[in-house]
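Below, each chain spelled out in residue letters.
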Amino acid sequence: GRLAEATADARAAVALARQTGYVTGEHVALTELSLASVYAGDGADALEWARQVQRIDQARLPGWVARNGGAAMLYALIVNGPHEASPDLYAQAVARARDAGDLVALADCLYLTAVLALQTGRPADAREPLRETLQIAANAGKRLRVIDALDECGYLCALTGQYAEAVTLWSARDVHSRASGLADTPYEPVSYTHLTLP
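Residues numbered from 1 in each chain as written. Predicted model: local features only at pLDDT ≥ 70, side-chain atom pairs only at ≥ 80, totals over all residues. Heavy atoms only, no water.

### Concerning the overall build of the protein chain
At step 1: The number of helices and strands found in the protein chain is nine helices and zero strands.
At step 2: Mapped from its N terminus to its C terminus, the protein chain presents α and β elements in the order α-α-α-α-α-α-α-α-α.
At step 3: If you line up the protein chain on its principal axes, its C-alpha atoms span 55 × 35 × 35 Å.
At step 4: Residues counted as buried form 44% of the 198 residues belonging to the protein chain.
At step 5: Sequence separation of 24 or more characterises 57% of the internal contacts of the protein chain that already satisfy a separation of 6 or more.
At step 6: Accessible surface computed for the protein chain: about 10300 Å², of which carbon and sulfur atoms make up 56%.
At step 7: A distance of 3 Å separates the average location of the 17 positive side-chain charges in the protein chain from that of its 23 negative side-chain charges. (Helix = DSSP H or I, 4+ residues; strand = E, 2+ residues; numbered from the N terminus. Buried < 20%, exposed > 50% of the residue type's maximum accessible area, 1.4 Å probe, protein only. Contact = heavy atoms within 4.5 Å. Areas by Shrake-Rupley, 256 points an atom, 1.4 Å probe, with all protein chains shown as cover. Lys, Arg positive; Asp, Glu negative; His and termini not counted. Charge placed at Lys NZ, Arg CZ, Asp CG, Glu CD.)

### Section: the packing of helix α1 (residues 3–20) against helix α2 (residues 23–39)
At step 1: With their axes 8 Å apart at the nearest point, α1 and α2 run at an angle of 155° to one another. Here α1 is positioned roughly antiparallel relative to α2, judged by the angle of their axes. The handedness of the crossing between α1 and α2 is left-handed. Of α2, the residues touching α1 (which contributes L3, T7, A10, R11, A13, V14, A17 and R18) are G25, E26, A29, L30, E32, L33, A36 and Y39.
At step 2: Looking at the contact of α1 with α2, its residues break down into 10 nonpolar, two polar and four charged. (Axes fitted to C-alpha atoms, helices over the stretch in contact; angles between N-to-C directions. Parallel < 35°, antiparallel > 145°, perpendicular 65-115°, else oblique. Left-handed = near helix turned anticlockwise from the far one by under 90°. Nonpolar A, V, L, I, M, F, W, Y, C, P; charged D, E, K, R; others polar.)

### Remarks on α2
At step 1: Its 17 residues give α2 an end-to-end C-alpha distance of 24 Å, which sits within 8% of 24 Å, the value for a rise of 1.5 Å per residue.
At step 2: Of all 17 residues in α2, 14 are buried, a share of seventy percent or more.
At step 3: One or two positions beyond α2, positive phi appears at G41, with a value near 80°. (Expected span 1.5 Å × (residues − 1).)

### Some remarks on the pattern of salt bridges
At step 1: Per the stated rule, a full pass over the model turns up 12 salt bridges.
At step 2: The salt bridge partner of R67 is D102, with a shortest N-O separation of 2.8 Å. Of this pair, R67 sits in helix α4 (residues 63–80) while D102 is found in the loop between α5 (87–100) and α6 (103–119), placing the two residues 35 residues apart along the sequence.
At step 3: For D108, the salt bridge goes to R145, with nearest N and O atoms at 2.9 Å. Of this pair, D108 sits in helix α6 while R145 is found in helix α8 (residues 143–159), placing the two residues 37 residues apart along the sequence. Comparing D108 with R145, the two get one shared label, buried.
At step 4: Here the salt bridges share partners, and the residues they tie into one network are D108, K142, R145 and D148. (Salt bridge = Lys/Arg side-chain N within 4 Å of Asp/Glu carboxyl O.)

### Some remarks on the environment of V115
At step 1: With respect to the secondary-structure elements, V115 resides in helix α6.
At step 2: Using a relative accessible area of 7% as the deciding quantity, one classes V115 as buried.
At step 3: The sequence separation of V115 and Y75 amounts to 40 residues, and the corresponding C-alpha distance is 9.6 Å.

### So, the side chain of T31
At step 1: Within the secondary structure, T31 is located in helix α2.
At step 2: A relative accessible area of 5% means that T31 is categorised as buried.
At step 3: With sequence-adjacent residues up to four places away left out, T31 is seen in contact with V53, N68, G69 and A72.

In structure tokens form, the structure reads like this:
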């Protein structure tokens, strides 16, 4: 949660990477700047950093680094406003991760695909990506992604009138959060308030 410190470190890393011509380091540091802006809720900055990431020649990067940068763009688009995000872009990111056999990136891209579907009023399109996200993240030991996916599953159930299931899922999320040492802070689903509950 020390975003100012993380941002300062990432800015220093970008400057050093550019000074030394270390393209992979620049890409990673810019990705972190975008993600720090995502965590701060600053969609415009997140998108600007992510666009700088995309301007780097992907052919000069290890595949997993390039895929991480692509996921940063997906996050940034969601935080900046789902109106700018194309479902096709998310589908392409899922396909790239699946083709590469990169389960970490696949879980991230599927999760973000589900979030976009929920934010744009397409709850039915969120079901399968969330199911697969949970399966991959649980098998890979990615507890934080499990927590995120449980949270979104709860919102999916609430949006479709399955209130008891939503409470059960959020309770499971809280158990995993406490086991991970995460703060038990309330979350306000601002992006879902435009959807009508049954």
